[in-house]
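Coordinates in review
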Amino acid sequence: MFFYYVYYGSLIVLIPGIIFSIWAQYRISSTFKKYSREEAKSRWTANEMSMMLLERNDCKSVAVRRIGGNLTDNYNPSTDVLSLSNSTYGQTSISAIGVAAHECGHAVQKHSGSILLRLRSFLVPITNIGSRLAVPIAILGVILEWLIVSETGTNFGSYVVAIGILLYSLSTVFALITLPVEIDASRRAITMLKNTAVLDDEEIRKASKVLYAAALTYVAALLTSFLYLIRFILILGRYRRND
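Report follows, based on the coordinates.

A word on the overall build of the chain. When helices and strands are tallied, the chain shows seven helices and three strands. Counting from the amino terminus, the chain carries its helices and strands in the arrangement α-α-α-β-β-β-α-α-α-α. Here the C-alpha radius of gyration of the chain, 22 Å, is well above what a compact globule of 243 residues would show, namely 18 Å. Along the longest, intermediate and shortest principal axes, the C-alpha atoms of the chain span 75 × 35 × 25 Å. Scored against the burial criterion, the 243 residues of the chain give a buried share of 44%. Relative to all contacts within the chain whose residues are 6 or more apart in sequence, the contacts with residues 24 or more apart total 74%. Accessible area of the chain: about 13200 Å², with a carbon and sulfur share of 63%. Seen as two clouds, the 24 positive and the 17 negative side-chain charges of the chain have centres 4 Å apart.

Okay, structure coming up:
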């Protein structure tokens, strides 16, 4: 019975992350919606502008495609495909242009050899595997702590638990690396928009607000991941055998 108190009671650790995540999602949705009503004076569509920016930055191999959804825009470095959502592709709003330019920023990162982007791409499969194995391995470690103690007094289960925590922490490491990658993509986007005069100074200020709001979602992801890690450690700590 006490297990349930520990398990559900530790949920309180996640409350700050949940609140911040809700606020961040509201911020990006409301900001994008606000500036999606304002058409850029240059009348560039987001997809045409993307192709222009990619060509100017020697990323001619990148394919620009349309995907379904709202704010599902992304760049896949493994396939070299830039995907623009229905709310962006073919649109001439400040929001659409800002988001599309941000994804172009990711493409430029890849083609310019960004170390952080390479590291993030490298961690994707490792993080996916780690997130699936972390909990079973940590539970196995707790069980072993109760069953096996070596002749030297060293508990083998403690090492297994540590491996489980390490695997679980990969998600937090991934979120930590993702944040500067996203910020850099937005910085590149603003620079490209300025250099090509796609947006004027006032429009760039508004596009920057959209990208800043988007960055908050990655801050929220990092905070939430860190708090989940803390909760995971707290739960394990309660059930590990005291030496």
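The subject of this paragraph is the pattern of salt bridges. Under the definition given, this model contains seven salt bridges. Residue Glu39 is joined to Arg43 by a salt bridge in which the shortest nitrogen-to-oxygen separation is 3.3 Å. What makes Arg43 exposed here is its relative accessible area of 55%. Between Asp184 and Arg188 there is a salt bridge whose closest N-O contact spans 2.7 Å. Of this pair, Asp184 and Arg188 both sit in helix H6 (residues 156-196), separated by four residues, roughly a single helical turn.

What follows concerns the side chain of His106. In this structure, His106 sits in helix H4 (residues 94-111). For His106, the contacting residues outside a window of four places in its chain are Tyr75, Leu117, Arg120, Val181, Glu182 and Ala185.

Two measures define how a pair of helices packs: the angle their axes make with one another and the distance between the axes. Packing of helix H3 (residues 46-56) against H4 brings their axes to within 9 Å, and their N-to-C directions diverge by 30°. In terms of orientation, H3 and H4 fall into the roughly parallel class. Note that H3 runs across H4; the crossing there is right-handed. For the pair H3 and H4, the contacting residues are Ala46, Met49, Ser50, Leu53 and Leu54 in the first and Ala96, Ile97, Ala100, Ala101, Cys104 and Ala107 in the second. Looking at side-chain class alone, the contact of H3 with H4 contains ten nonpolar, one polar and no charged residues.

How each quantity is defined
- Residues numbered from 1 in each chain as written.
- Predicted model: local features only at pLDDT ≥ 70, side-chain atom pairs only at ≥ 80, totals over all residues.
- Heavy atoms only, no water.
- Helix = DSSP H or I, 4+ residues; strand = E, 2+ residues; numbered from the N terminus.
- Rg over C-alpha atoms; globule rule 2.2 N^0.38 Å.
- Buried < 20%, exposed > 50% of the residue type's maximum accessible area, 1.4 Å probe, protein only.
- Contact = heavy atoms within 4.5 Å.
- Areas by Shrake-Rupley, 256 points an atom, 1.4 Å probe, with all protein chains shown as cover.
- Lys, Arg positive; Asp, Glu negative; His and termini not counted.
- Charge placed at Lys NZ, Arg CZ, Asp CG, Glu CD.
- Salt bridge = Lys/Arg side-chain N within 4 Å of Asp/Glu carboxyl O.
- Axes fitted to C-alpha atoms, helices over the stretch in contact; angles between N-to-C directions.
- Parallel < 35°, antiparallel > 145°, perpendicular 65-115°, else oblique.
- Left-handed = near helix turned anticlockwise from the far one by under 90°.
- Nonpolar A, V, L, I, M, F, W, Y, C, P; charged D, E, K, R; others polar.

Coordinates in, geometry out; function isn't part of it.
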